[in-house]
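In case you want the letters, here they are:
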Amino acid sequence: MAPVTERSVMLERDAQLEEKNLFQKLKDTCQAASFLAPFLIMIILFFAVPVILTAVLAFSGMDFKLQWNFVGLDNFIRILKDPVIPQVAANTLVYVVFTCIINVGFGFLLAVMTAYFIKNESVGLFFRTLWLLPRMTPSVVYALLWIWFLEPTENGMLNIIFKSLFDMQPHNWIQDNPMKVIIFANGMIGASFGMIVFSAAIKSIPEDYFRAAMVDGANDFQIIKNIIIPFLKWPIMFATIWQTLSLLTSYEYILLLTDGGPLFDSEVLSLFAYHKAFANFEFGYGAASAMVLVIIGALITLLMLKLFGYERMMNPSKLGN
Amino acid sequence: MKVIFENVTKKFGNFTAVDNLNVKFKDGEFVALLGPSGCGKTTTLLMIAGIYKPSSGKIMFDDKVMNDVLPKNRNIGMCFQSYALYPHMTVFENIAFPLKLKKMSKDEIKKRVMQAANKVEIGHLLDRKPGQLSGGQQQRVSLARALVKEPQIMLLDEPLSNLDARLRINMRAEIKKLQKDLGINMVLVTHDQTEALTMADRIAIMNNGKLQDFDIPEELYENPKNLFIANFIGNPPMNFIDVELVEEEGKYFVKNEVIKLELPESSRERFDFSSCSKQLVLGIRPEDLTITESKCNTLQAEIYVVEPLGRDKLVNVVIGERKYKIIAPPKFNADTGDKVNISLNFAKIHLFDKTSEGSIRRNRV
């Protein structure tokens, strides 16, 4: 009789389920909502609201008097006419492109070093941790270290090194090469991101591929070229997009190292918006510059996703079978 | 090309993967490295490939010590269980890869890729990516990639275990044919005794990093040197009975609580009873047991279950507490619980020392 009893119990349960269905659905929705609520509230409060405010602000001429006097497209026209904008735009392009190359390229190099050449897992981990340290340091401390390192007097560390090596006179590094300094400083700290992503990806390539390539006669360089890079296509693309976007909007190291100077020599668009809003208290104009940045960011994202093929990236794993 | 291992040991930290291996593969021989997982067979293969270096000892190809020769300079072809086909390259590019690295001319590459591809019958698949191929086709591509270099030695690491049963049987024969046609050395790593028995000229059977025996399949099957080999080779596996050896009135008996069997006169020639211990393990293959009417010198058993295999029937019986397997003719019929008598083919029994696990068979001259 056992199967019959079991079956009747199942039928009874089905009926109960049917009854509960509507109530259950409502309950499920509430439950899901309650789990999402804290995060949703945060997003609305700290992202959606500021974005909308900024967008509205961009069409106003708000200044230190904090009055909403709407001026239409005046701010945007002013951006187009602003004599420093061409330099700021060029700086932004140089900063984003070169820092991104260092971030991704150097990150890849570090990943190959620590995950491919160093076979010992704990040694690799040690070096990766070392490279992560700047990321764990507060930005201000990191920037200060660079400022001390590049100190223009004869007591600056780089000056001491150059003096002892080439007997060179002290050099004002930041003043003379502001863009190079911010690109290098940003590149060094940003490389750890690519390093983590890429080394995890290298570790996940099945060992057999390396063995097959070794037996097929590939040396280390050929293995990197023919195995590692093709397998890392998607992580490389992801890191490139991610870094491009975050570099477009980040300015804290520039602010701390050069503050955009000398004059506008290292001013980038995000720092420009910051300066307009919080140094000159031209909130409306600052908001408009920020809006331009958001639009550029969105366009670049769309373009890159199209270029790399987002749908294909989202397909199931590209590794192995 | 001869492959010679001389006192080869491979350690990973404190773990000894391969323990003092001494073995010699003949020129053009098909050798299987057989053993359960973790026995050191893949480590041995990777040492031939040069991917692992021995911790001590020497590996030689003919007279040349290979310990420090890089994989790319060894002229080996290798197939992997996962096939390890480069997913971003087409079949053609995959097969051409080793040649491209050798900087051969385009025409030469094309010619040799076509040759290798036709040899394994994948000439029509050259434009596809590995992801678009079935398991069997991928297997052929990996064979072609290994063959295209015209290697002196081919290493196969569990090449068939990802294929379905029918395809596996086909590929078994094809790989063996390929090896015979090319006349090159092949080393096959497998945990599947059927693969080893059917394909290899000689089998090196390994356990816990130690070589148990290296011999032709028939010899390993007929005269296993120790309990491990007896247990590992043969399907269904050999039956084992713990027994005590006793001598009564000039005759030898093996007995335990439930059985007592007289060993025939001839067994004195096969086994060395004088120097062995009294605690033995009697081994007998399922096909060397017969169900009979006779009660003389037989085992009394109870039918546990009968499994028809098509060609014959596998009868599971219980003697005392333990279960044993017998191959019976297809017409045999019995119900669970029936009492039967089982006679042994005494010419085919195996006796092992219980402590040392070695066979007490006399060495043949």
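Residues numbered from 1 in each chain as written. Chains lettered and ligands numbered in written order. Predicted model: local features only at pLDDT ≥ 70, side-chain atom pairs only at ≥ 80, totals over all residues. Heavy atoms only, no water.

So, the side chain of Ser270(A)
Inference 1: Looking at where Ser270(A) falls in the secondary structure, it is placed in helix H13 (residues 269-279).
Inference 2: Beyond its immediate chain neighbours, meaning those up to four positions away, Ser270(A) contacts Leu248(A), Thr249(A), Ser250(A), Tyr251(A) and Leu293(A). (Helix = DSSP H or I, 4+ residues; strand = E, 2+ residues; numbered from the N terminus. Contact = heavy atoms within 4.5 Å.)

Things to note about the domain arrangement of chain B
Residue and element names in this part refer to chain B.
Inference 1: On domain assignment, one finds that chain B holds domain 1 (3-231) and domain 2 (232-353).
Inference 2: Measuring from the centre of the C-alpha atoms in domain 1 to the corresponding centre in domain 2 gives 38 Å.
Inference 3: Across the boundary between the two partners, domain 1 contributes 19 residues, which contact 14 residues of domain 2.
Inference 4: The three residues of domain 1 that bury the most area against domain 2 are Gln193, Tyr221 and Leu227, which together make up 40% of that side's buried surface. (Domains from an automatic or database assignment. Buried area = accessible area lost by both parts, 1.4 Å probe.)

Quick word on the sheet that holds strand E2 (residues 15-25) of chain B
Note: strands within a sheet are paired through backbone hydrogen bonds, in either parallel or antiparallel orientation.
Residues and elements named next belong to chain B.
Inference 1: Reading across from one edge, E2-E1-E4-E5 is the order of the four strands in this open sheet, with antiparallel pairing throughout. In the strand order of this sheet, the two ends are held by E2 and strand E5 (64-65), each with one partner.
Inference 2: As judged from the two bridges shared by strand E4 (residues 56-61) and E5, these two strands associate in the antiparallel manner. Paired with Phe61 across the bridge in E5 is Lys64. (Pairing = 2+ DSSP bridges.)

Structural notes on the packing of helix H3 (residues 85-117) of chain A against helix H8 (residues 178-203) of chain A
Residues and elements named next belong to chain A.
Inference 1: Contact geometry for H3 and H8: axes closest at 5 Å, N-to-C directions at 40°. Considered as vectors, H3 and H8 are oriented oblique to each other. Of the two possible hands of crossing, H3 and H8 adopt the one that is right-handed.
Inference 2: When grouped by side-chain class, the residues that make up the contact of H3 with H8 number 20 nonpolar, ten polar and one charged. (Axes fitted to C-alpha atoms, helices over the stretch in contact; angles between N-to-C directions. Parallel < 35°, antiparallel > 145°, perpendicular 65-115°, else oblique. Left-handed = near helix turned anticlockwise from the far one by under 90°. Nonpolar A, V, L, I, M, F, W, Y, C, P; charged D, E, K, R; others polar.)

A short note on the sheet that holds strand E19 (residues 339-344) of chain B
All names here are of chain B.
Inference 1: Read from one edge of the open sheet, five strands run E15-E19-E16-E17-E18, paired in antiparallel fashion. Strand pairing shows two members of the sheet lacking a second neighbour, strand E15 (289-292) and strand E18 (322-328), which therefore form its edges. Sheet twist, expressed as the mean angle between neighbouring strand axes with direction ignored, is 50°.
Inference 2: Sheet topology note: the strand E16 (residues 299-308)/strand E17 (residues 313-319) ladder contains six bridges and is antiparallel. The residue of E17 that forms the bridge with Glu307 is Leu314.

A few points about helix H5 (residues 139-149) of chain A
All names here are of chain A.
Inference 1: Those residues of H5 that sit buried are Tyr142, Ala143 and Trp146. Projected onto a plane normal to the axis of H5, the buried residues spread over an arc of 95° and lie on a single side.
Inference 2: On its buried face, H5 is in contact with helix H4 (121-136), H8 and helix H12 (252-257). (Buried < 20%, exposed > 50% of the residue type's maximum accessible area, 1.4 Å probe, protein only. Arc of directions from axis to C-beta.)

Quick look at the packing of aromatic side chains
Inference 1: One pass over the structure, following the stated rule, counts 28 aromatic pairs over all chains.
Inference 2: Considering the side-chain rings of Tyr86(B) and Phe97(B), the 4.8 Å spacing of their centres and the 65° angle between planes classify their relative orientation as edge-to-face. Of the two residues, Tyr86(B) is situated in the loop between strand E6 (76-79) and helix H2 (91-101) and Phe97(B) in helix H2; the sequence distance between them amounts to eleven residues. Across the pair, Phe97(B) and Tyr86(B) agree in class, each one buried.
Inference 3: Stacked on the ring of Tyr285(A), the Lys or Arg Arg78(A) has its end atom at 3.7 Å from the ring centre. (Phe/Tyr/Trp six-rings, centres within 6.5 Å; stacked < 30°, edge-to-face > 60°. Lys NZ or Arg CZ within 6 Å of the ring centre and 35° of its normal.)

Examining the confidence of the model for chain B
Inference 1: Looking at chain B, pLDDT values average 89 and 99% of them are 70 or higher.
Inference 2: Scoring of the predicted complex yields 0.78 for pTM and 0.81 for ipTM. (pLDDT = per-residue confidence, 0-100.)

Digging into the packing of H3(A) against helix H10 (residues 220-231) of chain A
Residue and element names in this part refer to chain A.
Inference 1: Interaxial distance between H3 and H10 falls to 13 Å at its minimum, and their mutual angle equals 105°. Looking at the two axes, H3 sits roughly perpendicular to H10. Across from Phe108, Val112, Tyr116 and Phe117 in H3, the residues of H10 making contact are Asp220, Ile223, Ile224, Ile228 and Ile229.
Inference 2: Classifying every residue of the contact of H3 with H10 gives eight nonpolar, no polar and one charged.

Examining the state of the cysteines
All names here are of chain B.
Inference 1: Applying the stated criterion across every chain, the model contains zero disulfides over all chains.
Inference 2: Not engaged in a disulfide, the cysteine Cys39 finds its nearest cysteine sulfur in Cys79; these two sulfurs lie 20 Å apart.
Inference 3: Judged by relative accessible area, which is 1%, Cys39 ranks as buried. (Disulfide = S-S within 2.5 Å.)

Regarding the environment of Pro152(A)
Inference 1: Residue position: Pro152(A) is located in the loop between H5 and helix H6 (157-166).
Inference 2: The class for Pro152(A) is partly exposed, based on a relative accessible area of 38%.

Some details on the interface of chain A and chain B
Many descriptions give the size of an interface as the accessible area lost when the pieces come together.
Inference 1: Taken together, the 18 residues of chain A in the interface contact 24 residues of chain B.
Inference 2: Note on chain A versus chain B: buried area summed over both sides is about 1,900 Å², and carbon and sulfur give 61% of it.
Inference 3: Considering only the side of chain A, the residues that lose the most area to chain B are Arg211(A), Val215(A) and Asp216(A), jointly responsible for 35% of the buried surface there.
Inference 4: Counting the contacts that link chain A with chain B gives two salt bridges.
Inference 5: Arg145(B) serves as the salt-bridge partner of Asp216(A), at 3.7 Å between the closest nitrogen and oxygen.
Inference 6: Counting across the interface, chain A meets chain B through eight residue pairs in polar contact (both at pLDDT 80 or more).
Inference 7: Mapped onto the side of chain A that touches chain B, the elements with two or more residues apiece are helix H9 (207-215) and H10 of chain A. (Salt bridge = Lys/Arg side-chain N within 4 Å of Asp/Glu carboxyl O. Polar contact = N/O pair within 3.5 Å; in protein donor to acceptor, adjacent residues only side chain to side chain.)

What to know about the pattern of salt bridges
Residues and elements named next belong to chain B.
Inference 1: All told, the structure shown has 25 salt bridges over all chains when counted by the stated rule.
Inference 2: Salt-bridge contacts for Arg112 lead to Glu108; the nearest nitrogen and oxygen are separated by 3.9 Å. Taken as a pair, Arg112 and Glu108 lie in helix H3 (residues 106-119) at a separation of four residues, close to a single helical turn.
Inference 3: Note on Glu108: relative accessible area 29%, which makes it partly exposed.
Inference 4: Of the charged contacts in the structure, one is a salt bridge between Glu302 and Lys339, with a shortest N-O distance of 3.1 Å. Linking Glu302 in strand E16 with Lys339 in strand E19, this pair joins segments that are 37 residues apart in sequence.
Inference 5: Several salt bridges converge on common partners, so that one network encompasses Glu108, Lys111, Arg112 and Glu150.

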